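# An overview of the molecular structure
As a plain string of letters, each chain reads:
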Amino acid sequence: QLQVVESGGGWVQPGGSLNLSCVGSGFVTEYYAIGWFRQAPGKEREGLACINSMDMSSVAGSTYYADSVAGRFTISRDNSKNTVYLQMNNLKPEDTATYYCAAEAPWTLEFTTIQAWCLAPNNDAWGQGTQVTVGS
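Residues numbered from 1 in each chain as written. Predicted model: local features only at pLDDT ≥ 70, side-chain atom pairs only at ≥ 80, totals over all residues. Heavy atoms only, no water.

## What about the overall build of the protein?
The test is simple: Only DSSP runs of H or I with at least four residues qualify as helices, and only runs of E with at least two residues qualify as strands; both kinds are numbered from the N terminus onward. The globule rule used here is 2.2 Å times the number of residues to the 0.38 power, and the radius of gyration it is set against is calculated over C-alpha atoms. Exposure categories follow from relative accessible area, calculated using a 1.4 Å probe and restricted to protein chains: below 20% of the type maximum is buried, above 50% is exposed, and the middle band is partly exposed. Every residue pair with non-hydrogen atoms within 4.5 Å of one another is taken to be in contact. By the counting scheme adopted, Arg and Lys are positive, Glu and Asp are negative, and His together with the chain ends is not counted. To locate a charge, take atom NZ for lysine, CZ for arginine, CG for aspartate or CD for glutamate.
Looking only at helices and strands, the protein features two helices and 11 strands. For the protein, the succession of helices and strands along the chain, N to C, is β-β-β-β-β-α-β-β-β-β-α-β-β. Taken over the C-alpha trace, the protein has a radius of gyration of 14 Å; the compact-globule value for 136 residues is 14 Å, and the two agree within 12%. Classification of the 136 residues of the protein by burial places 46% in the buried group. Within the protein, residue pairs in contact and separated by at least 24 positions form 63% of the contacts whose partners lie at least 6 positions apart. In the protein, 7 side chains carry a positive charge and 12 a negative one; their mean positions are 8 Å apart.

## Regarding the pattern of salt bridges
Cut-off, in case you're wondering: Salt bridge, as applied in this entry: a Lys or Arg side-chain nitrogen positioned within 4 Å of an Asp or Glu carboxyl oxygen.
Under the criterion given, the structure shown has three salt bridges. Across the salt bridge formed by Asp 95 and Arg 38, the nearest N and O atoms sit 2.8 Å from each other. With Asp 95 in the loop between β8 (83-88) and β9 (97-104) and Arg 38 in strand β4 (residues 33-39), this pair connects stretches of sequence that are 57 residues apart. Shared partners join several salt bridges into a network, and the residues in it are Arg 38, Glu 46, Arg 72 and Asp 95.

## With respect to the sheet that holds β8
Which entries qualify depends on this criterion: Two strands qualify as a pair provided that DSSP identifies no fewer than 2 bridges between them. Simply put, an axis is a line fit to the C-alpha atoms, just over the touching stretch for a helix, and the angle between two N-to-C directions goes from 0 to 180 degrees.
Spatial strand order, β1-β3-β8-β7: four strands in an open sheet with antiparallel pairing. The open sheet has two edge strands with one neighbour each: β1 (3-7) and β7 (73-78). Direction aside, neighbouring strands of the sheet carry axes that sit 20° apart on average. Sheet topology places strand β3 (residues 18-25) next to β8; six bridges connect them, and they run antiparallel. Paired with Ser 21 across the two strands is Tyr 85, which belongs to β8.

## Examining the packing of aromatic side chains
Counted only if it meets this: Stacked, edge-to-face and tilted are the three classes for Phe, Tyr and Trp ring pairs, Trp counted by its six-membered ring, which pair at centre distances within 6.5 Å; planes under 30 degrees apart are stacked, over 60 edge-to-face, the rest tilted.
One pass over the structure, following the stated rule, counts five aromatic pairs. Taken together, a centroid distance of 4.8 Å and an interplanar angle of 70° make the contact between Phe 27 and Tyr 32 edge-to-face. Considered together, Phe 27 and Tyr 32 belong to a single accessibility category, that of buried residues. Aromatic pair Phe 111 and Trp 117: ring centres 6.1 Å apart, planes at 40°, arrangement tilted. These aromatic residues form a ring-pair network of at least three members: Phe 37, Phe 111, Trp 117 and Trp 126.

## As for the environment of Leu 91
Here Leu 91 lies in the loop between β8 and β9. In the structure, Leu 91 is positioned 41 residues away from Val 132 in sequence and 9.8 Å away in space, judged by C-alpha atoms.

## Let's talk about a nonpolar patch on the surface
Operational definition: A patch is a set of surface residues, each over 30% in relative accessible area and not in a salt bridge, joined within 9 Å for like charges and within 5 Å for the nonpolar side chains Val, Leu, Ile, Met, Phe, Trp and Tyr. Shrake-Rupley sampling with a 1.4 Å probe provides the accessible areas, and residues are treated as covered by the protein chains on show and by no other component.
Residues Val 28, Tyr 31 and Trp 107 make up a contiguous nonpolar surface patch of roughly 330 Å² in combined accessible area. Relative accessible area serves as the criterion here: at 43%, Tyr 31 is assigned to the partly exposed category.

All quantities given are derived from atomic positions and should not be read as evidence of function.
What follows is the structure, given as structure tokens:
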């Protein structure tokens, strides 16, 4: 059973930083596309940052960042810990949301590019989410 668990959320003041963790179990994360998504109350889910497997990066892209977070958020892997991180810097109040990670096998026919998946993920393993609140 593929599972991912998010952690690292919390409350920060505007301009602060958080580092979220997505730990996989039941699978080896380095071979999967992993994405970070968020959903705020009353808003649709938004793909923020996604990273592809090394095997698929040359044909389907390596990473994707949404314009809203590009330059502020960085997605990275620590394969020794079966973990994917989302380093979030210069946080803004509009970043307040529940943050989720998801894993997707990138060798499926419907997985075309990391960008396409990040914008419209399907048939993925999702975590429970971790809350990020940015405010005074």
